[in-house]
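This is what each chain is made of:
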Amino acid sequence: MSATSAQPQPQPTEPRSRALRAAFRSFAAIEKVGNRLPNPFWLFWILAGVVAVLSAVLAAIGVSAVHPGTQETIDVQNLLSRAGLTMAVEGAVENFAAFPPLATILTVMFGIAVAERSGLFSALLRRMVARVPGRYLTFALSMTAMVSHVAGDAAYVTLIPLGALVFRAAGRSPVLGCVVAYVSIAAGYDASPSLTTTDVLLSGISTAAAHTIDAEYVVTPVANYFFGLGSSVLVALVITLVVDKVLARRSDLEPDEPVTELNADELEAIEVTGQQRRALRVTGLVALGFVAFLAVAMIPVSSPLRGEGGGIVESPLIGGMALVLGVFFAVLGTVYGRMTGSFSAAGDIITAMVDGTRSMAPILVLFFAISQFLAYFKWTNIGNILAVKGAELLRELDMHGWTVLVGIAVLITFMNLVITSGSALWALAAPVLVPMLMLVGIEPETTQAVYRVADSVTNCVTPMSPYFVMALGFVQQYRKSAGIGTLASFTIPIAAVVWVVWVAFFVAWYLLGIPFGVG
């Protein structure tokens, strides 16, 4: 954030396009409304209070529904009753401890913290975009952003200034380099060729929501992997086409000062040293060896990594994917750190894990509020009844599954303009959407996949995102006059095209019956 702190406060610039002016007015209204919302931590406690009052009213008037599977009558339970208050007080610790994403996300983060603090991610990202031929530069930078999702929000800090530098080195506009990096990270946040913490986080919430209908149902972290892999390439290609065929022809791309050759410090920020290249090669071989070992270990039907009856989907390997990912990244980070000298002793690895856990503190605080809200919501049966009634309405309307999913994509897209936290938004939506669609034959993995599309695209245009301001700060290093309107005039066209193409890609994937992932 230091790169943005010295910059003046962004001032909106008036675009020429009437459509863009209308869009900016809408965004200004969204920003005004969004700024009035409390922090997500308090928002979930407020919603918990709403659920409590609503449960008392609905229980008093006798609202109920018949479960279509068990034929049991589901009644609303009053959270403000003695039983409800006892559950809320006595179950608070258990609600938090049993929150599905809590332990899994921490397990993965231990390993990712080691890899990130060893310098592995930074070197890998620089290696992927350094010395790429100019004609492939946009796609290479965009695809690198898809890979960078492994690093979480740190990708913004690393890749946006790097994008500007590599575009400068190629004689192209550094402003456009900032835009490509920012949009690729933000608009494609839930698409990645590798597993990320998002996979672990969303699958945990989806599993908890699915238990409303089927207590044995498990959504694994690899449940959307095939779709995420395909989506990462698709989104990178779409961004490349829009940027190179349309935005690169704009006349306002030049920075305040003519693009010059990079100085020694700037070259150092791009180049990967010989030692780092050797470390990356060895780390890559270790990664291949790790994957090969797991693959070979899974070959015997009697392998302990396989499930009951020799199953692969319901196996310790898939069920324990959080641990596998954590160990994978920890091993790679340790190898790279020892080879480059960023880790000189075993204690450095522990320090990296501790630092990574410290960075998770805001999420853990939010998780406490979310876990209590979800526990209250589940106990009252309001979510169950909404799911049953919603499923009955969908059957009466006789809507095709894909039209329902597209409607959900539109709903989530607009909600994401205000609630920019992906985990918070899914925690709100999943308890209703997942069981409701399960009752009409749509699997949780499918619902989660369409959510990921809708949750991603508008990240690059919403003024509520702190990374929008960060990206603007990097742009202002090259164009002092740039404002919110300047950046939005780049991101809106890209986001609009990506949304249409990505949703169409999802619908085609769904209609063709292609598995979204493993399981």
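Keep in mind that this is a model prediction, so the values were computed, not measured.

## Looking at the overall build of the protein
- Tallying secondary structure elements over the protein gives 24 helices and two strands in all.
- Counting across all 519 residues of the protein, residues that qualify as buried make up 52%.
- In the protein, the proportion of contacts linking residues at least 24 apart, taken out of those at least 6 apart, comes to 80%.

## What about unusual backbone geometry?
- Despite not being glycine, asparagine 381 shows a phi value in the positive range, around 70°.
- In this fold, asparagine 381 is placed in the loop between α18 (361–380) and α19 (382–397).

## Examining the packing of helix α7 (residues 120–129) against helix α9 (residues 154–169)
- As a packed pair, α7 and α9 sit with axes 11 Å apart at the nearest point and diverge in direction by 25°. If you check the angle between α7 and α9, you find them roughly parallel. For the element pair α7 and α9, the recorded crossing hand is right-handed. Contacts between α7 and α9 involve Ser122, Leu125, Arg126 and Val129 on the former and, on the latter, Thr158, Leu159, Leu162 and Val166.

## Examining the packing of helix α10 (residues 174–187) against helix α24 (residues 484–512)
- The N-to-C vectors of α10 and α24 enclose an angle of 40°; their axes lie 10 Å apart at closest approach. Considering their axes alone, α10 and α24 lie oblique with respect to each other. Judged by the twist between their axes, the crossing of α10 over α24 is right-handed. Where α10 approaches α24, its residues Val175, Leu176, Val179, Tyr182, Val183 and Ala187 are matched on the opposing element by Leu487, Phe490, Thr491, Ile494 and Trp502.

## Section: helix α11 (residues 197–210)
- Spanning 14 residues, α11 covers 20 Å between terminal C-alpha atoms, matching the ideal 20 Å at 1.5 Å per step.
- Counting buried positions along α11 gives 13 out of 14 residues, so the element sits mostly inside the fold.
- Where α11 starts, the residue carrying a side-chain oxygen 3.2 Å from the main-chain nitrogen of threonine 198 turns out to be threonine 196.

## A short note on the nonpolar core
- Counting residues in each nonpolar core, the largest one holds 158 residues, and the members touching the most others are Tyr156, Tyr182, Ile494 and Trp502.
- Considering each element in turn, this core owes the most residues, 13 residues, to α24.

## Some words on α24
- For α24, spanning 29 residues, the distance from its first C-alpha to its last is 41 Å, which sits close to the expected 42 Å at 1.5 Å a residue.
- The largest bend along α24 measures about 25° and falls at threonine 491, with the proline proline 493 one to four residues further on.
- Remark: glycine 513 follows α24 within two positions and exhibits a positive phi of approximately 75°.

## Here's the deal with the pattern of salt bridges
- What the rule picks out here adds up to four salt bridges.
- Ionic pairing is found between glutamate 116 and arginine 117, a salt bridge with its closest N-O pair at 3.1 Å.
- Residue classification places glutamate 116 among the partly exposed positions, given a relative accessible area of 30%.
- One salt bridge in this structure joins arginine 358 and aspartate 355, with 2.7 Å as the shortest N-O distance. One end of the pair is arginine 358 and the other is aspartate 355, both in helix α17 (residues 346–359) and three residues apart, which spans about a single turn.

## Brief notes about the environment of proline 255
- Here proline 255 shows up in the loop between α12 (225–245) and α13 (264–270).
- Residue classification places proline 255 among the buried residues on the basis of a relative accessible area of 11%.

## A closer look at the confidence of the model for the protein
- When pLDDT is averaged along the protein, the result is 81, and 86% of the positions lie at 70 or above.
- Per-element confidence in the protein is highest for α12, whose mean pLDDT is 93, and lowest for helix α1 (residues 2–5), whose mean pLDDT is 38.
- Within the model, the stretch residues 1–13 combines pLDDT values under 50 with 25 contacts to residues more than four positions away or in other chains.

## Concerning the side chain of threonine 196
- Locating threonine 196 in the fold gives a position in the loop between α10 and α11.
- Apart from residues lying up to four places away in sequence, threonine 196 is in contact with His149 and Val150.

## Details of the packing of aromatic side chains
- If you walk through the whole model with that rule in mind, you get 20 aromatic pairs.
- Measuring from centroid to centroid gives 6.1 Å for tryptophan 45 and phenylalanine 368, while their planes differ by 50°, and the two rings are tilted. Of the two residues, tryptophan 45 is situated in helix α3 (residues 40–60) and phenylalanine 368 in helix α18; the sequence distance between them amounts to 323 residues.
- Looking at tryptophan 45, the relative accessible area reads 27%, which means it is partly exposed.

Cut-offs used in this document
- Residues numbered from 1 in each chain as written.
- Predicted model: local features only at pLDDT ≥ 70, side-chain atom pairs only at ≥ 80, totals over all residues.
- Heavy atoms only, no water.
- Helix = DSSP H or I, 4+ residues; strand = E, 2+ residues; numbered from the N terminus.
- Buried < 20%, exposed > 50% of the residue type's maximum accessible area, 1.4 Å probe, protein only.
- Contact = heavy atoms within 4.5 Å.
- Axes fitted to C-alpha atoms, helices over the stretch in contact; angles between N-to-C directions.
- Parallel < 35°, antiparallel > 145°, perpendicular 65-115°, else oblique.
- Left-handed = near helix turned anticlockwise from the far one by under 90°.
- Expected span 1.5 Å × (residues − 1).
- Polar contact = N/O pair within 3.5 Å; in protein donor to acceptor, adjacent residues only side chain to side chain.
- Core = buried A, V, L, I, M, F, W, Y, C linked by side-chain atoms within 4.5 Å.
- Bend = angle between axes of the 7 residues up to and from the residue.
- Salt bridge = Lys/Arg side-chain N within 4 Å of Asp/Glu carboxyl O.
- pLDDT = per-residue confidence, 0-100.
- Phe/Tyr/Trp six-rings, centres within 6.5 Å; stacked < 30°, edge-to-face > 60°.

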